[in-house]
Amino acid sequence: MNVIELKSQWEAFKTENPKVRIRDAAKRLDTTEAELLSTLAGTSVTRLKDDFQGVLKTAESLGKVMALTRNDFCVHERKGVYSNVSFTGPMGLALNPDIDLRLFMSAWSTAFAVDENGRKSLQFFGKDGEAIHKIYLTETSDTTAYETLVHDFTAEDQHAALVIVADKQQAEEKADAEIDVPAFQENWLTLKDTHDFHGLLRKFGVTRIQGLRLAPEGHAVQISYDSLKDIFNKASETDLEIMVFTGNKGCIQIHTGLIKKLVQAGPWFNVLDPDFNMHLREDGIAAVWLVKKPTSDGIVTSIEVFDAEGTIIVQFFGKRKPGIPENENWRLMVNELAVIL
């Protein structure tokens, strides 16, 4: 389908479905969000250069903004300032109490500046046309700095064709009998850092869910979703600071702090606080696991939420930093309220 035909289809769709978000519109039109935005290039959408690192480093000039990272079943929105952005090769970091990101730049492919009836944003997409990360201006953002950024990073060719590459299928899971389970469990028990867990899974060729199933006794158990909500409610009532990790192939976004206003809206379980919002779609959840990983600072307890394909949706931890043991109140609360299936 060419750009003109796609633009016409989208206009007709919006007329008939004015409240449907662009991500859902793209799925229903059998296209991608990036391709829909590209039909508006030169009007309400500006194609940006592929200098993603430059754009992110310049974003500090915008002042307080709202950062949005999502996957199919969880949306993570955090307000703050893009300070302390750095890159080492294809890996990037934004290390701040508010805007806290892990960036995997090899997945990034296209960027746009978007004006949705006055709501201005910078939006970044992967090679598959799916959104990786978005930055929205707030009422206190510097709009002049935004216009300067867009001017400085505008791509010469606003109508260059997008090359969409389908995401690779997940690798087939090996049979448990092919895994050296005793060695896997021994390596688990000698972990020194939670970040080493990915390497452990790769070393033994196991998927994340399979790794949880094969974990050492007492280190990974499946729990009920209702008990996760109980934990959230208790954390809200007791002012317990937690960490919320939501991501996709190109970005992981982290909130560290309180969660106060919890609201159920249809299938969505929401945190609606002034500077942090989370929207978790319950009907996309296939499994919830309570996981315990050894580190040089002691056991770290997390709750990991998965979809039906075994892809992680969101993770929760007690507030902590390297070199500091896990908050004992978090550990006690999780162990008390988690209902094992």
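Residues numbered from 1 in each chain as written. Predicted model: local features only at pLDDT ≥ 70, side-chain atom pairs only at ≥ 80, totals over all residues. Heavy atoms only, no water.

Side note on the overall build of the chain
Tallying secondary structure elements over the chain gives 10 helices and 18 strands in all. The C-alpha radius of gyration computed for the chain amounts to 21 Å, which stays within 12% of the reference 20 Å derived for 341 residues, consistent with globular compactness. Expressed as lengths along the three principal axes of its C-alpha atoms, the size of the chain is roughly 60 × 45 × 40 Å. Taken across its 341 residues, the chain has 50% of its residues classed as buried. At a minimum sequence separation of 6, the contacts of the chain that also span at least 24 residues come to 61%. Across the chain, the 38 positively charged side chains and the 50 negatively charged ones have centroids separated by 2 Å. (Helix = DSSP H or I, 4+ residues; strand = E, 2+ residues; numbered from the N terminus. Rg over C-alpha atoms; globule rule 2.2 N^0.38 Å. Buried < 20%, exposed > 50% of the residue type's maximum accessible area, 1.4 Å probe, protein only. Contact = heavy atoms within 4.5 Å. Lys, Arg positive; Asp, Glu negative; His and termini not counted. Charge placed at Lys NZ, Arg CZ, Asp CG, Glu CD.)

Description of the pattern of salt bridges
One pass over the full model with this rule turns up 21 salt bridges. In this structure, the salt-bridge partner of D128 is K249, at a minimum N-O distance of 3.1 Å. With D128 in the loop between β8 (119-126) and β9 (131-137) and K249 in the loop between β11 (242-247) and β12 (251-257), this residue pair connects regions lying 121 residues apart in the sequence. Residue E328 pairs with R331 through a salt bridge whose shortest N-O separation is 3.7 Å. Taken together, the residues span about one helical turn, with E328 and R331 both in helix α10 (residues 328-337) at a distance of 3 residues. (Salt bridge = Lys/Arg side-chain N within 4 Å of Asp/Glu carboxyl O.)

Description of the packing of helix α9 (residues 225-238) against α10
It is at 9 Å that the axes of α9 and α10 come closest, and there the two elements cross at 145 degrees. In this structure, α9 meets α10 at a crossing whose hand is right-handed. Taken together, the residues of α10 that come into contact with α9 (itself represented by S227, D230, I231, K234 and A235) are W330, M333, V334 and L337. Looking at the contact of α9 with α10, its residues break down into 6 nonpolar, 1 polar and 2 charged. (Axes fitted to C-alpha atoms, helices over the stretch in contact; angles between N-to-C directions. Left-handed = near helix turned anticlockwise from the far one by under 90°. Nonpolar A, V, L, I, M, F, W, Y, C, P; charged D, E, K, R; others polar.)

Looking at the nonpolar core
With 31 residues, the main nonpolar core has L56, L62, Y82, W108, L122, F124 and I135 as its most contacted residues. For this core, the secondary-structure elements that each account for two or more residues are α4 (52-58), β2 (65-70), β4 (85-88), β6 (100-104), β7 (108-116), β8, β9 and α5 (143-153). If one sorts the elements of this core by residue count, α5 sits on top with 5 residues. If we skip the residues at most four places from it in the chain, I135 touches L56, A59, L62, V65, M66, Y82, K120, S121, L122 and F124. Formed by 28 residues, the second largest nonpolar core is a distinct cluster that contains L240, F276, I313 and M333. (Core = buried A, V, L, I, M, F, W, Y, C linked by side-chain atoms within 4.5 Å.)

Topic: the sheet that holds strand β15 (residues 276-281)
Here 9 strands make up an open sheet; going across it, the order is β1-β7-β8-β9-β2-β3-β15-β14-β13 and the pairing antiparallel. Edge positions in the sheet fall to β1 (45-47) and β13 (262-265), since each has one partner strand and no second. In this sheet, adjacent strand axes meet at a mean angle of 15 degrees when their direction is disregarded. Across the sheet, α5 touches β1, β7, β8 and β9, and the angle it forms with β8 is around 40 degrees. (Pairing = 2+ DSSP bridges.)

Structural notes on helix α1 (residues 3-16)
The terminal C-alpha atoms of α1, which comprises 14 residues, lie 20 Å apart, in line with the 20 Å expected from a rise of 1.5 Å per residue. Within the span of α1, buried status applies to L6, W10 and F13. All buried residues of α1 project into a common sector of 60 degrees when viewed along the axis, lining one side. Exposed residues on α1 whose side chains face more than 90 degrees from its buried face are I4, T15 and E16. Contacts made by the buried residues of α1 are with α2 (22-28) and α3 (33-38). Capping of α1 at its N-terminal end is provided by N2; its side-chain oxygen lies 3.1 Å from the backbone amide nitrogen of I4. (Expected span 1.5 Å × (residues − 1). Arc of directions from axis to C-beta. Polar contact = N/O pair within 3.5 Å; in protein donor to acceptor, adjacent residues only side chain to side chain.)

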